[in-house]
Amino acid sequence: MPLTYPLDHAQAMRLLDLALKPKAKVRTLESSNRKQPSGSLVEVVGPAKRSWRLELLPWGALSSRRKSWNVVWVLREATPHLRQTLRARGENFVDLAGAVRVELPHLIIDRTDLEPVHPPKPPRRLADPFADRSSCVARVLLSAGKTRRWGVRELAMEACVDPARASRVIRTLSELSLVRFERKGRAAAVWVESPELLLDGWTSSYHWSQNVWLAVHAPIGDPQRFLTRLRTVLGPRRWALTLQAGAARIAPHASSDKVHAYVDVPREEELGAIAARAGWTAGSDGKVVLVKPYYRTSVWQAMRSIGEVPVVRDLQLVLDLWHYPLRGREQAEHIRDTILRPVWDGESR
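Because the structure is predicted, anything quoted here is derived from the model rather than measured. (Residues numbered from 1 in each chain as written. Predicted model: local features only at pLDDT ≥ 70, side-chain atom pairs only at ≥ 80, totals over all residues. Heavy atoms only, no water.)

Trainee: What is the right way to look at the nonpolar core in this model?
Mentor: The nonpolar side chains of a soluble globular protein tend to be buried, and buried together. Formed by 74 residues in total, the largest nonpolar core has its most connected members in Val137, Leu141, Leu198, Trp202 and Leu241. Take this core: its biggest share by element is six residues, from helix α10 (residues 314–322). Not counting the four nearest positions on each side in its chain, Trp202 is found in contact with Phe130, Ser135, Ala138, Arg139, Leu142, Tyr295, Leu315 and Leu319. (Core = buried A, V, L, I, M, F, W, Y, C linked by side-chain atoms within 4.5 Å. Buried < 20%, exposed > 50% of the residue type's maximum accessible area, 1.4 Å probe, protein only. Helix = DSSP H or I, 4+ residues; strand = E, 2+ residues; numbered from the N terminus. Contact = heavy atoms within 4.5 Å.)

What follows is the structure, given as structure tokens:
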């Protein structure tokens, strides 16, 4: 099993130190010219101040068919047969199960009576609470007031995710101190004391540029007429305005001459096909931007039509606008303060 630094290195050094005392001392060396980036260079100082440089390597990192006296193989719970084979070949090794063999000029150590060491388990990988389906939990939490407490199953049902996923997301958000989670007996409750903090955590993880987009040159003319034509061009596909074009429909604050529209397509290439059929040419300075959403599922939740034009939900607009360079933050904060915050504070919208 490969060595995992720095955890296995620390455990191997501990066993080496125990095995070599009091005849020798071992210390880690720093080197900028190591031939084996997976290894660790150490120095052993033995009798009469003789010193040797050795390299700790995970078993299998180099060819094991020849004797390498300056290499110390690091193993995890090696079989007795493997240990004996290494001894027969004169190989050095540290077995984290409690065995050390080091053979150097004027120094031979071979011990199997050491206390085994167990490398700490790697940190548990937290679920990404802002991934597509997982983000549905945060979307529900940010759609309610700060006083609303949710049961896990209730929240899962509202977010249209399975309870196991909801539990993982809640646990992660709680460990990140973005939500409060409380368990009393078999009952549990989760709530958001600071929606602003949860939103900040989300915007630090998500950027509008994670979407795939295609800018095209299209004759916009009158925006309302163009949106009617856009609906015809896109046909039965789901679509919705976002960024400044969407914000202009619900809380206009910053103006923009671009139209960004999410389009529900399975592949990026389909955006180009749509533009080609409409006679629109691609160009980075195009005023119409067709977007394949990063949030393939959750972006469509709670979208609504305003004047027969579909627009993503207020929260998605804030997320998309937050890092948008053209007055995006200004517009996002306007929507947050005028639309989202009254809901969080329990005020009527």
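Next comes the rest of the write-up.
Trainee: Looking at this structure, I do not really get the sheet that holds strand β1 (residues 25–28). What am I missing?
Mentor: Strands belonging to one sheet form pairs held by backbone hydrogen bonds; the direction of such a pair is parallel or antiparallel. The mixed open sheet is built from seven strands, whose spatial order is β1-β2-β3-β4-β5-β6-β7. The strands lining the two open edges of the sheet, one partner per strand, are β1 and β7 (107–111). When strand polarity is set aside, the average angle formed by the axes of neighbouring strands in this sheet is 25 degrees. Relative to strand β5 (residues 92–95), strand β4 (residues 71–75) is paired through four bridges, and the arrangement is parallel. Counterpart to Val72 in the pairing with β5 is Asn92. (Pairing = 2+ DSSP bridges. Axes fitted to C-alpha atoms, helices over the stretch in contact; angles between N-to-C directions.)

Trainee: Can you walk me through the packing of helix α6 (residues 195–203) against helix α11 (residues 328–344) in this structure?
Mentor: Two quantities define a packed helix pair, namely the angle between the axes and the distance from one axis to the other. At a minimum axis separation of 11 Å, α6 and α11 run at an interaxial angle of 125 degrees. Here α11 runs oblique to α6, going by the angle between their axes. Of the residues in α11, those in contact with Pro195, Glu196 and Leu199 of α6 are Arg336, Arg341 and Trp344. Considered class by class, the residues forming the contact of α6 with α11 number three nonpolar, no polar and three charged. (Parallel < 35°, antiparallel > 145°, perpendicular 65-115°, else oblique. Nonpolar A, V, L, I, M, F, W, Y, C, P; charged D, E, K, R; others polar.)

Trainee: Just to check I follow, could you spell out helix α4 (residues 152–159) for this structure?
Mentor: Note on helix geometry: an α-helix contains 3.6 residues per turn, so any two residues three or four positions apart are oriented the same way. For α4, the full list of buried residues reads Val152, Leu155, Ala156 and Ala159. Projected down its long axis, α4 carries its buried residues within an arc of 100 degrees, all on one side. What points out from α4, more than 90 degrees from its buried face, is the exposed set Arg153, Met157 and Glu158. Of the surrounding secondary structure, the elements contacted by the buried residues of α4 are α3 (135–141), α5 (163–175), β8 (180–184) and β9 (187–191). Within two residues after α4, Cys160 carries a phi angle of roughly 60 degrees, on the positive side. (Arc of directions from axis to C-beta.)

Trainee: How should the packing of aromatic side chains be read in this particular structure?
Mentor: The relation between two aromatic rings is expressed through the spacing of the ring centres and the mutual angle of the planes. Applying the stated rule across the entire model yields eight aromatic pairs. Their ring planes at 40 degrees and their centres at 6.0 Å tell us that Tyr206 and Tyr294 sit as a pair that is tilted. One end of the pair, Tyr206, is in the loop between α6 and β10 (212–217); the other, Tyr294, is in the loop between β14 (288–292) and β15 (304–306), and 88 residues separate them in sequence. Ring centres of Trp208 and Trp213 lie 5.3 Å apart, and the angle between their planes is 40 degrees; this geometry places the pair in the tilted category. Take Trp213: its relative accessible area is 39%, and that puts it in the partly exposed class. Ring-pair connections join several aromatic residues into one group, and the members of that group are Phe130, Trp202, Tyr206, Tyr294 and Tyr295. One cation-aromatic arrangement involves Arg139 over Tyr295; the distance from NZ or CZ to the ring centre is 4.9 Å. The ring centre of Trp191 lies 3.6 Å from the NZ or CZ of Arg149, which sits over that ring. (Phe/Tyr/Trp six-rings, centres within 6.5 Å; stacked < 30°, edge-to-face > 60°. Lys NZ or Arg CZ within 6 Å of the ring centre and 35° of its normal.)

By themselves, these observations are geometric and do not establish any function.
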